[in-house]
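# Architecture at a glance
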Amino acid sequence: MTSIPVITIDGPSGSGKGTVAVRIAEKLGFTLLDSGALYRSVGIAALRGGIDLRDHQQIAELARHLNIEFGVSSPDSVWLDGEDVSLEIRTDIGSELASQIGAIPAAREALYERQLAFRKAPGLVADGRDMGTVVFQDAIIKIYLTARPEERAQRRYKQLIDKGIDASLPDLLRDLKERDARDSERPISPLKPAKDAVVLDTTDLHIDQVVEQVLDLVSERLVSWRS
Ligand code: C5P
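### Describing unusual backbone geometry
The omega torsion of the bond from A121 to P122 falls at 5 degrees, within 30 degrees of zero and hence cis. Summarising the element assignment, P122 is placed in the loop between α5 (105-116) and β6 (124-128). Of note, D81 is a non-glycine position whose phi angle comes to about 50 degrees, a positive value. Tracing the backbone shows D81 in the loop between β4 (78-80) and β5 (83-84). Backbone geometry places S189, a non-glycine residue, at a positive phi of 45 degrees.

Written out as structure tokens, the structure is:
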């Protein structure tokens, strides 16, 4: 067994995994890997560079060499080639591009090595789609968060409206279902819980309750792992 523990938190968008991962990492003083931000950054970089998403070799090259930095201006900030792209990667275009990048096997392979490098003492919290099933199969605990699509779309709608951004709930729901289908049906690293994952449905839970439940599970597991 390796000496650096990894906690994986996977699930579809809007399941609460991003927020939970940030809070758990903060609480434990662990490194955070927001793997979705890597896929999103590659998508935005491809868009900016005018790279055709059908050119898998060039996309893989981009993924391998992209200059991405996390946590420069705030814990969840993402910088691409020295520029803050934290907001841009979270737009709907960013989500759509990331989902398309995620379906390219060569891009996944290129990002695989980069993700392993985040494993540093005293531990790592990794959030994404395939953290428990592929990248960190030896995680000490694997959490899979989910929620009904209608509730996840509603959460996204509220986020946008709160930011003063106009949004349509039916459009958000349609896009979310499309991305879910693409993420779940792709042949490589599809979105699904690991066999040994703890699955938590967050539909009727407040985010604070989710954090509390996950923290309890993780703390318990860490105690037995350390002993
Ligand atoms: O987690 P987030 O919503 O930021 O991920 C955006 C997209 O990136 C997902 O819809 C998925 O297609 C892709 N992704 C992935 N594998 C990961 C993380 C994200 O394929 N580990």
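### Quick word on the nonpolar core
L33, V42, I59, I101 and F136 are the most contacted members of the largest nonpolar core, which totals 34 residues. Among the elements of the structure, α2 (35-49), α3 (56-65), β4, α4 (92-102), α5, β6 and α6 (131-135) are those that each provide at least two residues to this core. For V42, the contacting residues outside a window of four places in its chain are I59, L62, A63, L66, I101 and L111. F30, I140, I141 and V218 belong to the second-largest nonpolar core, a separate cluster that totals 20 residues.

### What to know about the site of the ligand
Neighbouring the ligand are 16 residues; K17, R40, R108, D130 and D183 lie closest to it. Measuring from an oxygen atom of the ligand, one finds a side-chain N or O atom of D183 at 2.7 Å. Counting residues per element, the ones that place at least two in the shell around the ligand are α2 and α4. Among the elements that take part in the shell around the ligand, α2 stands out by supplying four residues, more than any other. In terms of residue class, the shell around the ligand is built from three nonpolar, six polar and seven charged.

### Points about the pattern of salt bridges
Where charged atoms from two side chains of opposite charge approach closely, those side chains can pair. The final tally for this structure, using the stated rule, is 20 salt bridges. Of the charged contacts, one joins E61 and R64 as a salt bridge, the two residues approaching to 3.8 Å between their closest N and O atoms. With E61 and R64 both in helix α3 and three residues apart, the pair spans about one turn of that helix. K142 is the salt-bridge partner of D196, the closest N and O atoms lying 3.3 Å from each other. With a gap of 54 residues between them, D196 in the loop between α8 (169-185) and β8 (198-201) and K142 in strand β7 (residues 141-146) connect regions that are remote in the sequence. For K142, a relative accessible area of 6% puts it in the buried group.

### Concerning the environment of G71
Within the fold, G71 resides in the loop between β3 (68-70) and β4. Judged by its relative accessible area of 36%, G71 is partly exposed.

### Here's the deal with α3
By the burial criterion, the buried members of α3 are I59, A60, L62 and A63. Viewed along the axis of α3, the buried residues span an arc of 160 degrees, placing them on a single side of the element. Opposite the packed face of α3, turned more than 90 degrees from it, sit the exposed residues Q57 and H65. Elements in contact with the buried residues of α3: α2, α4 and α5.

### What about the packing of α2 against α3?
With their axes 10 Å apart at the nearest point, α2 and α3 run at an angle of 120 degrees to one another. In terms of orientation, α2 lies oblique with respect to α3. Considering how the two elements wind past one another, α2 and α3 form a crossing that is right-handed. Between α2 and α3, the residues in contact are V42, A45 and A46 and I59, L62 and A63, respectively.

Calculation criteria
- Residues numbered from 1 in each chain as written.
- Predicted model: local features only at pLDDT ≥ 70, side-chain atom pairs only at ≥ 80, totals over all residues.
- Heavy atoms only, no water.
- Helix = DSSP H or I, 4+ residues; strand = E, 2+ residues; numbered from the N terminus.
- Core = buried A, V, L, I, M, F, W, Y, C linked by side-chain atoms within 4.5 Å.
- Buried < 20%, exposed > 50% of the residue type's maximum accessible area, 1.4 Å probe, protein only.
- Contact = heavy atoms within 4.5 Å.
- Near = heavy atom within 4 Å.
- Polar contact = N/O pair within 3.5 Å; in protein donor to acceptor, adjacent residues only side chain to side chain.
- Nonpolar A, V, L, I, M, F, W, Y, C, P; charged D, E, K, R; others polar.
- Salt bridge = Lys/Arg side-chain N within 4 Å of Asp/Glu carboxyl O.
- Arc of directions from axis to C-beta.
- Axes fitted to C-alpha atoms, helices over the stretch in contact; angles between N-to-C directions.
- Parallel < 35°, antiparallel > 145°, perpendicular 65-115°, else oblique.
- Left-handed = near helix turned anticlockwise from the far one by under 90°.

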